[in-house]
Amino acid sequence: MLTGRHLIEPGNFTLDEMDRLFKLAEQIEEDPAYLRDSCRGKVLATLFFEPSTRTRLSFEAAMLRLGGSCLGFAEPGSSSVAKGESLADTIRTVSCYADAIVMRNPKEGAALLASRYAEIPVINAGDGGHHHPTQTLTDLLTIRQLRGDIGNLTVGFCGDLKFGRTVHSLAKALSCYPHIRMVFISPPELKVPAYIKTGILEKEGIEYRETDTLEKVIGDLDVLYMTRVQRERFFNEEDYIRLKDSYILNREKMEPARKTMIILHPLPRVNEIALEVDQDPRASYFKQAKYGMYIRMALLASILGVPDGAALYMQK
Ligand code: NCD
């Protein structure tokens with residue numbers, strides 16, 4: 001049962017619990033009216049201390065489509081945080097007004113801290129360069145939909161693997177699925193952190209390699225996960241400017257790629273995928289954004305307590 005649970009990082013939910021969410025999201029995609037009123041009377045607080053388009057709007061769209069309501073802020077300057085209020089006090093207060101909190105914050109660990117002070121479920125919508133578990137649910141649902149299954153895949157992560165929280169969360173989650181191989185493609189300065197390699201991949205016995213050249217490995221991949229260089233997490237602008245265009249996926253670079261490879265990107269894209277690639281049938285990032293809403297509907301309905309009919313469906 002996911003009712004009343006927090007989601008701070010991948011690993012908080014079991015594979016079986018995630019599988020039920022994917023099935024529920026697929027049911028919602030098939031029949032958008034399914035669960036339509038399951039959150040009637042419930043209130044979702046979206047507290048965004050960092051910019052967002054897809055994550056915040058897909059959560060709000062999800063809640064509205066489930067019959068619930070939303071409140072919150074997209075601009076911390078408009079909340080009492082600007083007056084110096086602590087996160088703990090903000091969370092305690094919001095717990096009085098809402099039934100669940102979705103929070104994005106630039107500090108690693110902020111969501112975990114919030115969950116300690118909240119009396120309602122907290123969903124991490126990104127904590128600094130650490131984790132982003134609902135993007136991972138979105139990515140996994142997309143892989144499942146487009147590849148039929150999550151398993152026996154070579155997944156390439158390309159771009160800013162140091163600061164990219166979506167990469168950290170997806171690599172962690174994928175390490176629990178069978179026969180996954182990972183290829184990390186980045187400039188040396190933006191390599192995936194050691195805690196992911198030694199603390200997760202090596203512990204789980206995951207086969208992985210690192211390279212700085214996309215062209216060398218693109219032909220081996222089943223999934224190519226492109227990412228933006230995370231400007232806001234750099235200490236100086238010069239480094240950002242030097243590294244920002246390290247990889248630009250274009251038609252020519254796609255030539256050696258498999259016909260069945262899918263291209264994912266959590267978005268926003270800046271320069272790392274040329275617009276011409278959007279016409280390629282393997283470009284799946286806008287589908288991915290849509291799956292983000294279905295999986296968040298499934299997640300909110302489950303965390304806030306699904307009605308009996310859906311619960312029965314989920315037990316199947
Ligand atoms: C990502 C994020 O916020 O980490 N975006 C998203 O939620 N879809 C990726 C990014 O900002 O580069």
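Residues numbered from 1 in each chain as written. Predicted model: local features only at pLDDT ≥ 70, side-chain atom pairs only at ≥ 80, totals over all residues. Heavy atoms only, no water.

Asker: Hey, could you run me through the pairing of strand β2 (residues 69-73) in this one?
Answerer: As a general feature of sheets, a regular strand has side chains that alternate between the two faces. Bridging between strand β1 (residues 43-48) and β2 involves five bridges; their strand directions are parallel. Each residue of the ladder has a partner; that of Ala45, found in β2, is Leu71. You can see the chain leave β1, run along helix α2 (residues 54-65) and come back into β2, and the turn it takes is right-handed. (Pairing = 2+ DSSP bridges. Helix = DSSP H or I, 4+ residues; strand = E, 2+ residues; numbered from the N terminus. Right-handed = clockwise from strand over helix to strand, strands pointing away.)

Asker: Is there a simple way to think about the packing of aromatic side chains in this case?
Answerer: This model, assessed by the stated rule, comprises seven aromatic pairs. Ring centres of Phe49 and Phe73 lie 5.2 Å apart, and the angle between their planes is 85 degrees; on these two criteria the pair is classed as edge-to-face. Taken as a pair, Phe49 in the loop between β1 and α2 and Phe73 in strand β2 lie far apart in primary sequence, 24 residues in all. Accessibility classification places Phe49 together with Phe73 in one group, the buried group. Seen from their ring centres, Tyr285 and Phe286 are 5.5 Å apart, and the 65 degrees between their planes marks the pair as edge-to-face. Through a chain of ring-to-ring contacts, the aromatic side chains of Phe157, Phe184, Tyr208 and Tyr225 assemble into a single cluster. (Phe/Tyr/Trp six-rings, centres within 6.5 Å; stacked < 30°, edge-to-face > 60°. Buried < 20%, exposed > 50% of the residue type's maximum accessible area, 1.4 Å probe, protein only.)

Asker: Could you clarify how one ought to interpret the environment of Leu137 in this entry?
Answerer: Summarising the element assignment, Leu137 is placed in helix α5 (residues 133-147). Sequence spacing of Leu137 and Ser169 is 32 residues, and the spatial spacing of their C-alpha atoms is 9.4 Å. With sequence-adjacent residues up to four places away left out, Leu137 is seen in contact with Leu7, Met18, Leu21, Phe22, Ile295 and Leu299. (Contact = heavy atoms within 4.5 Å.)

Asker: So what exactly am I meant to see when it comes to the site of the ligand here?
Answerer: The environment of the ligand is made up of Thr55, Arg104, His132, Gln135, Arg165, Thr166, Arg228, Gln230, Pro266, Leu267 and Pro268. At 2.9 Å, a side-chain N or O of Thr55 approaches an oxygen atom of the ligand. In isolation the ligand exposes 320 Å². Once the protein is present, 93% of that is buried. Looking at the shell around the ligand residue by residue, the class counts come to three nonpolar, five polar and three charged. (Near = heavy atom within 4 Å. Polar contact = N/O pair within 3.5 Å; in protein donor to acceptor, adjacent residues only side chain to side chain. Areas by Shrake-Rupley, 256 points an atom, 1.4 Å probe, with all protein chains shown as cover. Nonpolar A, V, L, I, M, F, W, Y, C, P; charged D, E, K, R; others polar.)

Asker: Explain the domain arrangement of the protein chain here, please?
Answerer: Often, the extent of an interface is quoted as the loss of accessible area upon association of its parts. Each domain of the protein chain was delimited in the assignment, giving domain 1 (10-131 + 292-314) and domain 2 (133-288). When each unit is reduced to the centre of its C-alpha atoms, the spacing between domain 1 and domain 2 is 25 Å. Taken together, the 29 residues of domain 1 in the interface contact 25 residues of domain 2. Across the domain 1/domain 2 interface, buried area totals approximately 2,200 Å², and carbon plus sulfur atoms make up 56% of it. (Domains from an automatic or database assignment. Buried area = accessible area lost by both parts, 1.4 Å probe.)

Asker: What is the right way to look at the sheet that holds strand β6 (residues 180-185) in this model?
Answerer: Picture the strands of a sheet paired through backbone hydrogen bonds; they go either parallel or antiparallel. With parallel pairing, the five strands of this open sheet are ordered in space as β7-β6-β5-β8-β9. Unpaired on one side and paired on the other, β7 (207-211) and β9 (262-264) mark the two borders of the sheet. For this sheet the average axis-to-axis angle between neighbouring strands, irrespective of direction, equals 20 degrees. Pairing between strand β8 (residues 223-226) and β9: three bridges, direction parallel. (Axes fitted to C-alpha atoms, helices over the stretch in contact; angles between N-to-C directions.)

Asker: Even after reading the chapter, I still don't get the packing of helix α1 (residues 15-30) against α5, so can you show me in this structure?
Answerer: Geometry of a packed helix pair, given as the angle between the helix axes and the separation of the axes. Here α1 crosses α5 at 70 degrees, and the two axes come no closer than 11 Å. Considering the angle they form, α1 stands roughly perpendicular to α5. For α1 against α5, the interelement crossing comes out right-handed. Counted together, Met18, Asp19, Leu21, Phe22, Lys23, Ala25, Glu26 and Glu29 of α1 and Leu137, Leu140, Leu141, Arg144 and Gln145 of α5 form the full contact between these two elements. Here the contact of α1 with α5 is built from residues that sort into seven nonpolar, one polar and five charged. (Parallel < 35°, antiparallel > 145°, perpendicular 65-115°, else oblique. Left-handed = near helix turned anticlockwise from the far one by under 90°.)

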